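# Fold and contact review
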Amino acid sequence: MSSKADYIIIGQGISGTFLSYYLHKAGKNILVFDEPKNNTASKVTSGVINPVTGRRIVRTWMIEEIMPFAAHAYQALENELNISLIHQCNILDFHPTAQMQNAFDERVNEETYLSNVKDTESWRNYFNYDFGIGEINPCWQINIQALIQEWRKELQKNNQLIEEKFSVEQIKDYADSKIIFCDGVANIDNTFFHLLPYAANKGEALIVEIKDLPRTNMYKQSCAIVPWKDDLWWIGSNYEWNFENDLPSKEFRESMEQKLKSFLKLPYKIITHIAALRPANVERRPFVGLHPTHKNIGILNGMGTKGCSLAPYFAHQLAENLMNNKPILAYADIQRFKGILSKQ
Ligand SMILES: Cc1cc2nc3c(=O)[nH]c(=O)nc-3n(C[C@H](O)[C@H](O)[C@H](O)COP(=O)(O)OP(=O)(O)OC[C@H]3O[C@@H](n4cnc5c(N)ncnc54)[C@H](O)[C@@H]3O)c2cc1C
């Protein structure tokens, strides 16, 4: 292991994976620290890229630019790692109420990502629904867990990974390197960045076996049913702002089972229950760039609920900024917190 690395990257979730990928590809000498942990956001994510969001079904921030960039980035990694990572998987939105159906119908004419499903009867064998079905197209699903696992093997092969927790006391050992924190929710307690306006929230999912449900789509009503590995499905999620820990909860399991039972007609078997904290923030914009006063310390974080689409794009911007001094988008640039961060 070299202490002569150009860049030390702390964390190998989606953010650290893409940053290390871009820097390594550009020929930089990198070293990644990642504390082995099962319940990180990137390990429990359903890996969905959805171009619209919320009850008002508005376009996700910068989606026209970010979605095609992300799709190309995952396809490039598919080729590089020789694995399958990304496929188009549109969302079928089974409106839970007449009001939600009206809201969707109002948006259909003005939003190209939305359409109404014409043959609504063919889904009656699988689901209970009283209102129409909308389609969101295109949506993508990414196998983030495979990406992290396979990229980790590459890092290991190149002697670029230390599977340990990095502590700020170690910074002095890397005086000639830039140290970039891609450490997800752990950054909330980071000496350099703890004053950023984080608002972590907890998300959970049930991993469930459902035989004979077509794996052509993701299905949504009061819960999302997303294809997972083999016969398995990812069922979630929630956005819990008040939580005592990052572990699966009995309340979530009970409430999700109730939702699933009222939506799904097929039998199912719960295989496991997963949970993690999302590194969300009150602005809903990422934190990207070098610290305003500690010039050898940087950050790629704050991906919130959208890491699968945001991380490739902003990892690329950060890599270009670090190597070629190219600008970072002002909305994401950590310099917007210069006042707060300069206080410490
Ligand atoms: C239930 C759920 C569902 C989600 N679904 C979606 C979705 O469908 N689409 C979407 O776009 N997003 C989704 N998200 C959000 C997405 O998962 C996150 O935005 C994303 O994973 C954040 O990635 P990250 O790499 O920034 O952080 P993380 O995934 O948290 O990775 C941080 C890494 O840093 C390591 N680390 C931390 N501190 C240290 C240290 N001191 N030393 C060494 N290593 C350290 C951790 O072990 C971890 O591996 C979901 C999240 C949850 C919880």
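Analysis parameters
- Residues numbered from 1 in each chain as written.
- Predicted model: local features only at pLDDT ≥ 70, side-chain atom pairs only at ≥ 80, totals over all residues.
- Heavy atoms only, no water.
- Near = heavy atom within 4 Å.
- Polar contact = N/O pair within 3.5 Å; in protein donor to acceptor, adjacent residues only side chain to side chain.
- Areas by Shrake-Rupley, 256 points an atom, 1.4 Å probe, with all protein chains shown as cover.
- Helix = DSSP H or I, 4+ residues; strand = E, 2+ residues; numbered from the N terminus.
- Nonpolar A, V, L, I, M, F, W, Y, C, P; charged D, E, K, R; others polar.
- Expected span 1.5 Å × (residues − 1).
- Contact = heavy atoms within 4.5 Å.
- Domains from an automatic or database assignment.
- Buried area = accessible area lost by both parts, 1.4 Å probe.
- Salt bridge = Lys/Arg side-chain N within 4 Å of Asp/Glu carboxyl O.
- Axes fitted to C-alpha atoms, helices over the stretch in contact; angles between N-to-C directions.
- Parallel < 35°, antiparallel > 145°, perpendicular 65-115°, else oblique.
- Left-handed = near helix turned anticlockwise from the far one by under 90°.
- Pairing = 2+ DSSP bridges.

## Some remarks on the site of the ligand
- The local shell around the ligand holds 38 residues, among which Ser-15, Asp-34, Ser-42, Phe-166 and Gly-304 are the closest.
- In this structure, Val-48 approaches the ligand through a main-chain N or O atom, which is 2.9 Å from a nitrogen atom.
- Between the ligand and Phe-166 there is a distance of 2.8 Å, counted from a nitrogen atom to a backbone nitrogen or oxygen.
- Protein contacts shield 95% of the accessible area of the ligand, which totals 1,000 Å² for the unbound molecule.
- Only α1 (14-25), α2 (41-44), β13 (201-209), β17 (269-278) and α7 (307-324) provide two or more residues apiece to the shell around the ligand.
- When residues in the shell around the ligand are grouped by element, the largest group, three residues, is from α2.
- When the residues that make up the shell around the ligand are grouped by side-chain class, the tally is 14 nonpolar, 15 polar and nine charged.

## Description of helix α6 (residues 250-263)
- Along its 14 residues, α6 runs 20 Å from first to last C-alpha, staying within 8% of the 20 Å computed at 1.5 Å per residue.
- If you follow the buried residues of α6, they end up packed against β7 (91-94), β13, β14 (218-220), β15 (224-227), β16 (232-236) and β17.

## Section: the domain arrangement of the chain
- Under the domain assignment, the chain is made up of domain 1 (7-45 + 144-197 + 282-341) and domain 2 (85-139 + 199-277).
- Of note, the centres of domain 1 and domain 2, computed from C-alpha atoms alone, are 30 Å apart.
- Taken together, the contact pairs 15 residues of domain 1 with 13 residues of domain 2.
- The largest share of the area that domain 1 buries against domain 2 comes from Asn-39, Val-44 and Val-185, three residues that together contribute 45% of it.
- Where domain 1 meets domain 2, there are one salt bridge.
- On the surface where domain 1 and domain 2 come into contact, there are two residue pairs in polar contact (both at pLDDT 80 or more).
- Of all the elements in the fold, those that place two or more residues in the side of domain 1 that touches domain 2 are α2 and α5 (144-157).
- For the side of domain 1 that touches domain 2, the class distribution of residues is eight nonpolar, five polar and two charged.

## A few points about the packing of α1 against α7
- Relative to each other, α1 and α7 sit at 40°, their axes nearing to 8 Å. Taken together, α1 and α7 sit at an angle that is classed as oblique. Read as a crossing pair, α1 and α7 show a hand that is right-handed. The segment α1 lies against α7, with Ile-14, Ser-15, Phe-18, Leu-19, Tyr-22 and Leu-23 engaging Gly-307, Cys-308, Ala-311, Pro-312, Ala-315, His-316, Leu-318, Ala-319 and Met-323.

## Observations concerning the sheet that holds β15
- Here eight strands make up an open sheet; going across it, the order is β8-β9-β7-β14-β15-β16-β13-β17 and the pairing mixed. Every other strand in the sheet has two partners, leaving β8 (114-116) and β17 as the edge strands with one partner each. The mean angle between the axes of side-by-side strands here comes to 25°, regardless of whether they run parallel or antiparallel.
- Bridging between β15 and β16 involves four bridges; their strand directions are antiparallel. Its bridge partner lying in β16, Ala-224 is registered against Gly-236.
- Packed on one face of the sheet, helix α4 (residues 98-108) meets β7, β8 and β9 (133-136) and runs near 115° to β8.

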